[in-house]
Amino acid sequence: MIKLGLDFDNTLIDYDEVFYEIASDRNLIPKNVGKTKVEVRKYLKDTGQERLFTLLQGEVYGSKINLAKQSKGMFETLNILKEQKIELFIVSHKTLYPYAGPKYDLHQSALKWLTLNDFFDTNLLNFKKENIFFELTIEKKIKRIESIGITHYIDDLTKILELITPSIRRIHYNPQGTISNIKDVITLRSWEELPKFLKGS
C-alpha cells in the first residue's frame, strides 16, 4: 500500500503572489523584481535587508496565510489519489512561532489554511487530522517520515530529500522543471503527473 507523505510550505501551498504583493505594496522591492518568493528574498538579501524578509515571511506564514493559493492542480490530484485508496500524510518542518516579529502560531495558521481550502471537508478530501505532523526541527521531520512508514515523499527542497533514506521514493516538487542532481530522486513538474508516476512505482 502506498503511503504518500507531503511537505506543506511551497509544496501544497503557493506563497509567491502573497510575498510579491505585500512587498510591493510596502515599497520593499522595485516593480521589476520577479513575482516569486525566491526573487523577493534574493532582492532583500542582496540589498542587505534580509531581516525584512524574515519579518515578511513570519507574517505571510502567519496572519496572511489565508491569501496564499493552492499549488496548481494539487487539490484535484490529491482527490484522485484518495479515490485510489492512497493514504495521505502531511509531514512538514514548521517552527511554532516565526524567527522574528509577532508571535503568530504558525501551526494553527497552517491548519486554518487547510480548513479554508476544504482539506477536512467530509464531502471532498476528508483529510485525517491525525495524519498531519508539523515538526519543530528538520531532524524530527525526517524521523517522523521514516517512523510512520511513508513509502513516497514529496518536497520542494532537495536538501530535505537528501536526508531521507533512499528506500523511500523521493519526489522533488519543482514546477520550474530543473532536474535534480540527486541520485534516485524523481522530478515532479506538475501535480497532474503524480498519479501516473505512483501507478508505475
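Look up a bit, the structure's there.
Residues numbered from 1 in each chain as written. Predicted model: local features only at pLDDT ≥ 70, side-chain atom pairs only at ≥ 80, totals over all residues. Heavy atoms only, no water.

**Student:** Outline helix 6 (residues 138-147), listing residues and values.
**Tutor:** Within helix 6, the full set of buried residues consists of Lys 141, Ile 142 and Ile 145. Viewed end-on, helix 6 has its buried residues packed into an arc of 95 degrees, placing them on one side of the element. Turned more than 90 degrees off the buried face of helix 6, the exposed positions are Glu 139, Lys 143 and Ser 147. Buried residues belonging to helix 6 abut strand 4 (87-93), strand 5 (132-135), strand 6 (152-155) and helix 7 (158-161). A positive backbone phi angle near 80 degrees is found at Gly 149, which sits one or two residues after helix 6. (Buried < 20%, exposed > 50% of the residue type's maximum accessible area, 1.4 Å probe, protein only. Helix = DSSP H or I, 4+ residues; strand = E, 2+ residues; numbered from the N terminus. Arc of directions from axis to C-beta. Contact = heavy atoms within 4.5 Å.)

**Student:** Explain the sheet that holds strand 1 (residues 3-6) to me, using residue names and the numbers behind them.
**Tutor:** Reading across the sheet, the six strands line up as 5-4-1-6-7-8 and stay open at both edges, with parallel pairing between neighbours. Of all the strands in the sheet, the pair left with one neighbour each is strand 5 and strand 8 (185-188). Looking at each pair of strands side by side, their axes are set apart by 25 degrees on average, direction ignored. Contacts between helix 6 and the sheet are confined to strand 4, strand 5 and strand 6, with strand 4 contributing the most and set at about 165 degrees to the helix. (Pairing = 2+ DSSP bridges. Axes fitted to C-alpha atoms, helices over the stretch in contact; angles between N-to-C directions.)

**Student:** Got a sec to walk through the environment of Phe 89? Specific residues and values, please.
**Tutor:** Within the element layout of this structure, Phe 89 appears in strand 4. By relative accessible area, which is 5% here, Phe 89 ends up buried. Sequence separation of Phe 89 and Glu 130 is 41 residues, and the distance between their C-alpha atoms is 8.7 Å.

**Student:** Report on helix 3 (residues 50-61), specifying residues and quantitative values.
**Tutor:** Taking 1.5 Å of rise per residue, 12 residues should cover 16 Å, and helix 3 covers 16 Å from first to last C-alpha, within 8% of that figure. What helix 3 keeps buried is the set Phe 53, Leu 56, Gln 57, Gly 58, Glu 59, Val 60 and Tyr 61. Those residues of helix 3 hidden inside the fold are in contact with helix 1 (16-25), helix 2 (37-46) and helix 5 (106-116). (Expected span 1.5 Å × (residues − 1).)

**Student:** Explain the pairing of strand 4 residue by residue, including any values.
**Tutor:** Here strand 4 lies mainly inside the structure; five of its seven residues are buried. Pairing analysis gives four bridges linking strand 1 to strand 4, with the strands arranged parallel. Residue pairing in the sheet places Lys 3 in a bridge with Glu 87 of strand 4. Read as a crossover between parallel neighbours, the route from strand 4 over helix 5 to strand 5 is right-handed. (Right-handed = clockwise from strand over helix to strand, strands pointing away.)

**Student:** How would you explain a nonpolar patch on the surface if you had to name every residue and give the values?
**Tutor:** Taken together, the side chains of Leu 96, Tyr 97 and Leu 136 make up a nonpolar region of the molecular surface, amounting to roughly 240 Å² of accessible area. Mapped onto the fold, Leu 96 is located in the loop between strand 4 and helix 5. Assessed through its relative accessible area of 31%, Leu 96 is described here as partly exposed. (Patch = residues over 30% accessible without salt bridge, like charges linked within 9 Å, V, L, I, M, F, W, Y side chains within 5 Å. Areas by Shrake-Rupley, 256 points an atom, 1.4 Å probe, with all protein chains shown as cover. Salt bridge = Lys/Arg side-chain N within 4 Å of Asp/Glu carboxyl O.)

**Student:** Any chance you could break down unusual backbone geometry for me, citing the residues and the numbers?
**Tutor:** Even without a glycine there, the phi angle at Lys 85 is positive, about 65 degrees. As for its placement among the helices and strands, Lys 85 is situated in the loop between helix 4 (74-83) and strand 4. Unlike most non-glycine residues, Asn 126 shows phi in positive territory, near 50 degrees. You can see Asn 126 is positioned in the loop between helix 5 and strand 5.

**Student:** Can you tell me about the packing of aromatic side chains, naming the residues and giving the values?
**Tutor:** This structure, assessed with the given rule, holds 10 aromatic pairs. Relative to Trp 191, the ring of Tyr 173 lies with its centre 5.4 Å away and its plane at 40 degrees, an arrangement referred to as tilted. Residue Tyr 173 is found in strand 7 (residues 169-173), and its partner Trp 191 is found in the loop between strand 8 and helix 8 (194-200); the two are separated by 18 residues along the sequence. Residue Tyr 173 shares its accessibility class with Trp 191, and that shared class is buried. Through successive ring pairs, a cluster of aromatic residues spans Phe 8, Phe 75, Trp 113, Phe 119, Phe 127 and Phe 134. Positioned over the ring face of Tyr 97 is Lys 103, at 5.2 Å from the centre of the ring. One cation-aromatic arrangement involves Lys 129 over Phe 120; the distance from NZ or CZ to the ring centre is 4.8 Å. (Phe/Tyr/Trp six-rings, centres within 6.5 Å; stacked < 30°, edge-to-face > 60°. Lys NZ or Arg CZ within 6 Å of the ring centre and 35° of its normal.)

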